Amino acid sequence: MEDDLCIRSRRESGERVKHAIVSLGLLDRAKRIVLQGDFIYFPITRLPDQNEIGALSKTGEVTVELKRLPGASLPSPKSLNALLSGKVPQSALKSIPRSYDIVGDIIVIERLSSEAHEYRREIAEALLVLHRHAKTVLLKTGKVDGPYRIPLLEHLAGEDRRETVHSEYGIRLMVDLSKAYFSPRLGYERSRVASLVSDGETVVDMFAGVGPFAIMIARRHRSMVYAIDINPEAVRMMRYNLRINRLKGEVYPICNDALELSSKMQNTADRIIMNLPAQSLTFLPAARKFMKRSGGFAHVYLFSGPPPIDSAVNKFVESALPLGGFEIISSRVVKPTAPREWIVSLDVRFAPS
Ligand SMILES: C[S@@+](CC[C@H](N)C(=O)[O-])C[C@H]1O[C@@H](n2cnc3c(N)ncnc32)[C@H](O)[C@@H]1O
């Protein structure tokens, strides 16, 4: 029998550790979580990288282990396959989704193969049995698109709604998935960026959505965040989210075009967040305007092909060269978005202008 790749935590920190493992997309849902003595073993699908280990360590004492976990590798009676066997042909079972997002109590399936698509309602009902806290299952039926980056969603099972409250890293976010962009897969990235901020900084979040970066930063730091979004519905939700979170810092929601605003808010920010991967590079001159003349940091997200980091760095350097001195201080693959396509984040320090 093979050993299982797993993360061990102490029982008392199990809930926090589990939350982080799920947020990082590491939990192997085809296996069982195993309790042994004072410890909990969470089966995982891959080795976490250094950043992820850093994030996990903040939630409790954890170790990554290769260990034979009695019971974990047996097909769980609650696995999706087991729930669907007899209802869905074997050939379609092979292509049922292994990964889906859970936003609050809504499950969002990214895509289904044409074979599995025919059985989408059965699959959705099984997901509701598997995740007892979930109340709704939606299927993305088109690519995230348009200026507001909102996906088309089809209701498959459970309550027919798009609104929910999602919790990540100590903040709560109300989101209506049919009216504003939100991805739970960026939870770790938002926490990582928030951990780089210092008290007293002024941050401009150019594409703030319902406010997750801004709120996570202000939750942890006495900083001032200007949170801009062009989508009035996203800004309405952000205002609500500001009321349901206790913050140390301040967030100013602004409904406007970041490009237009950059001329009026020049020389403002110590740090800029640019989470609009399809267009971030075209907004670099605007980001430079927001930034203080004394220089500062930018967190730039962009789509990239293989090899993801090198391609992203090359594209960035080409666009940023005319803007003056800069240094890329770190880079990270945030998530895959399609075959041979990823979102990459670059942390960049700009010199005084
Ligand atoms: C990929 S989403 C990121 C949202 C948020 N940062 C998050 O992590 O959930 C990009 C956001 O940029 C907004 N947007 C697009 N063009 C914009 C512009 N010119 N000015 C300001 N916001 C814009 C969209 O409405 C969308 O909410």
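Conventions used here
- Residues numbered from 1 in each chain as written.
- Predicted model: local features only at pLDDT ≥ 70, side-chain atom pairs only at ≥ 80, totals over all residues.
- Heavy atoms only, no water.
- Buried < 20%, exposed > 50% of the residue type's maximum accessible area, 1.4 Å probe, protein only.
- Helix = DSSP H or I, 4+ residues; strand = E, 2+ residues; numbered from the N terminus.
- Pairing = 2+ DSSP bridges.
- Domains from an automatic or database assignment.
- Contact = heavy atoms within 4.5 Å.
- Buried area = accessible area lost by both parts, 1.4 Å probe.
- Salt bridge = Lys/Arg side-chain N within 4 Å of Asp/Glu carboxyl O.
- Polar contact = N/O pair within 3.5 Å; in protein donor to acceptor, adjacent residues only side chain to side chain.
- Nonpolar A, V, L, I, M, F, W, Y, C, P; charged D, E, K, R; others polar.

**Student:** If you had to explain the pairing of strand S6 (residues 106–109) to someone new, which residues and values would you point to?
**Tutor:** Burial along S6 is two-sided: Ile 106 and Val 108 and Ile 107 and Ile 109, pointing in opposite directions, are all buried. Relative to S6, strand S5 (residues 100–103) runs antiparallel, the two being bridged by four bridges. Along S6, the bridge assignment pairs Ile 102 with Ile 107. In this antiparallel pair of consecutive strands, S5 and S6, the connection spans two residues, and Gly 104 shows a positive phi of 55°. Where S6 lies against strand S7 (residues 136–140), four bridges are found, and the strand directions are parallel. By the bridge assignment, Ile 109 is partnered in S7 with Leu 139.

**Student:** Tell me about the domain arrangement of the protein chain, and please be specific about residues and values.
**Tutor:** Domain assignment breaks the protein chain into domain 1 (4–67), domain 2 (80–161) and domain 3 (183–350). Look at where the C-alpha atoms of domain 2 and domain 3 centre, and you get two points 30 Å apart. Counting residues at the interface gives 11 residues for domain 2 and 10 residues for domain 3. Together, the buried faces of domain 2 and domain 3 total about 730 Å²; carbon and sulfur atoms form 50% of this surface. By the criterion of area lost to domain 3, the three top residues of domain 2 are Asp 101, Tyr 148 and Arg 149, representing 56% of everything that side buries. Counting across the domain 2 and domain 3 interface gives one salt bridge. Between Arg 185 and Asp 101 there is a salt bridge; the shortest N-O distance is 2.6 Å. For the pair domain 2 and domain 3, the interface holds one residue pair in polar contact (both at pLDDT 80 or more). Residues that form the side of domain 2 that touches domain 3 fall into these classes: five nonpolar, one polar and five charged.

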